[in-house]
Amino acid sequence: AKQNMQIIMPERLNTMFDDMAASATPKSRAIYDVAGTKIEFAEIMTMAAHYLELRAQLDTTNLEWQSTAGLFAHEFIADYPKAMFYFQRILLQAIKQEGAVSEWVAYAYNGIGYTYNNQGDYPKALEYYNKALDIRKQVSGQDNPVVAQYYSNIGTVYCNQGNYPKALENLT
């Protein structure tokens, strides 16, 4: 199957993997037709991960590419150390490019918190979720839907800890 990948134009690969990554779920058992070859979901995910990593390495300053690689590593292959690497790269690049108070910095802190939360490190998750929330409120104001999502993330951590009063405080 990997031999057939060489005959696909790079632009087509970009669109194909982005579409597959966006539409697939970890429980998918779909078989895709890539250049006339039937490939199972697991192999597609491996190829997509490889492609996204290569793309992220091509331009480490491209925040969108780092984000796609980090989210893919987190959501589809549950490689939390790799996801953390990309979210931390986003943080460093965002601070360099936009300063310490920006949407991308808030996004990076949120991604780091998300990764800690899924690893069960709730104190660290709260630390980073709160950093994300503080910055996002400065950038977008209190009445922004992303701010609401960040409160929800904090509430979820408290719920995971069994601290339901604090969870409700952040979820309502």
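The rules behind the values
Residues numbered from 1 in each chain as written. Predicted model: local features only at pLDDT ≥ 70, side-chain atom pairs only at ≥ 80, totals over all residues. Heavy atoms only, no water. 1 Å grid on protein atoms, 1.4 Å probe; cavity = no way out; pocket = protein on both sides within 12 Å on 5 of 7 lines; lining within 4 Å. Points joined across faces, edges and corners; volume = space filled by probe spheres on them. Nonpolar A, V, L, I, M, F, W, Y, C, P; charged D, E, K, R; others polar. Axes fitted to C-alpha atoms, helices over the stretch in contact; angles between N-to-C directions. Helix = DSSP H or I, 4+ residues; strand = E, 2+ residues; numbered from the N terminus. Parallel < 35°, antiparallel > 145°, perpendicular 65-115°, else oblique. Left-handed = near helix turned anticlockwise from the far one by under 90°. Contact = heavy atoms within 4.5 Å. Salt bridge = Lys/Arg side-chain N within 4 Å of Asp/Glu carboxyl O. Buried < 20%, exposed > 50% of the residue type's maximum accessible area, 1.4 Å probe, protein only. Core = buried A, V, L, I, M, F, W, Y, C linked by side-chain atoms within 4.5 Å.

Any chance you could explain empty space enclosed by the protein here in plain terms?
Regions of empty space are outlined by a rolling probe, equal in size to a water molecule, passed over the atoms. Inspection of the entire model under this criterion finds one cavity of 30 Å³ or more. In this structure, the largest cavity encloses a volume near 40 Å³. A49, L52, E53, A69, F72, A73, I77, K82 and Y86 are the residues that line the largest cavity. Looking at the lining of the largest cavity, its residues break down into seven nonpolar, no polar and two charged.

Would you mind showing me how to read the packing of helix α6 (residues 103-119) against helix α8 (residues 145-161) here?
Angle between the axes and distance between the axes are the two parameters that describe a pair of packed helices. In the contact formed by α6 and α8, the axes pass within 11 Å of each other and the chain directions differ by 20°. In terms of their interaxial angle, α6 and α8 are classed as roughly parallel. For the crossing formed where α6 meets α8, the hand is left-handed. Taking contact as the criterion, the partners of A106, Y107, N110 and N117 in α6 are, on α8, Y150, N153, T156, V157 and N160. Tallied by class, the residues present in the contact of α6 with α8 amount to four nonpolar, five polar and no charged.

Just checking my understanding: could you explain the pattern of salt bridges for this structure?
Side chains that carry opposite charge are capable of pairing whenever their charged atoms lie near each other. The final tally for this structure, using the stated rule, is five salt bridges. When the shortest N-O distance is used, the salt bridge between K82 and D79 registers 3.8 Å. Judged by its relative accessible area of 24%, K82 falls in the partly exposed class. Put simply, E127 and K124 hold a salt bridge, and the shortest N to O gap is 3.8 Å. With E127 and K124 both in helix α7 (residues 122-140) and three residues apart, this pair spans about one turn of that helix.

Just to check I follow, could you spell out the environment of A78 for this structure?
Looking at the secondary structure, you find A78 in the loop between α4 (63-75) and α5 (80-98). We classify A78 as partly exposed; its relative accessible area is 45%. Separated by 41 residues in the primary sequence, A78 and Q119 place their C-alpha atoms 9.9 Å from one another.

Before we go on, may I ask you to explain the nonpolar core in this structure?
As a rule of thumb, soluble globular proteins bury nonpolar side chains together. Ranked by internal contacts, the top residues of the largest apolar core, which has 27 residues, are L91, V105, Y109, I112, Y116 and I154. For this core, the secondary structure elements donating two or more residues are α4, α5, α6, α7 and α8. For this core, the leading source of residues is α7, giving seven residues. When near neighbours in sequence (up to four residues on either side) are disregarded, Y116 contacts M84, D121, K124, A125 and Y128. Counting residues in hydrophobic clusters, the runner-up holds twelve residues, among them F41, M47, A48 and A49.

Sorry, what's going on with the packing of α4 against α5 here?
Here α4 crosses α5 at 160°, and the two axes come no closer than 8 Å. Compared by their axis directions, α4 and α5 come out roughly antiparallel. Crossing hand, α4 versus α5: left-handed. Here α4 contributes L63, Q66, S67, A69, G70, L71, A73 and H74 to the contact with α5, which in turn contributes Y80, K82, A83, Y86, F87, R89, I90, Q93, A94, Q97 and E98. Considering only residue class, the contact of α4 with α5 consists of ten nonpolar, six polar and three charged.

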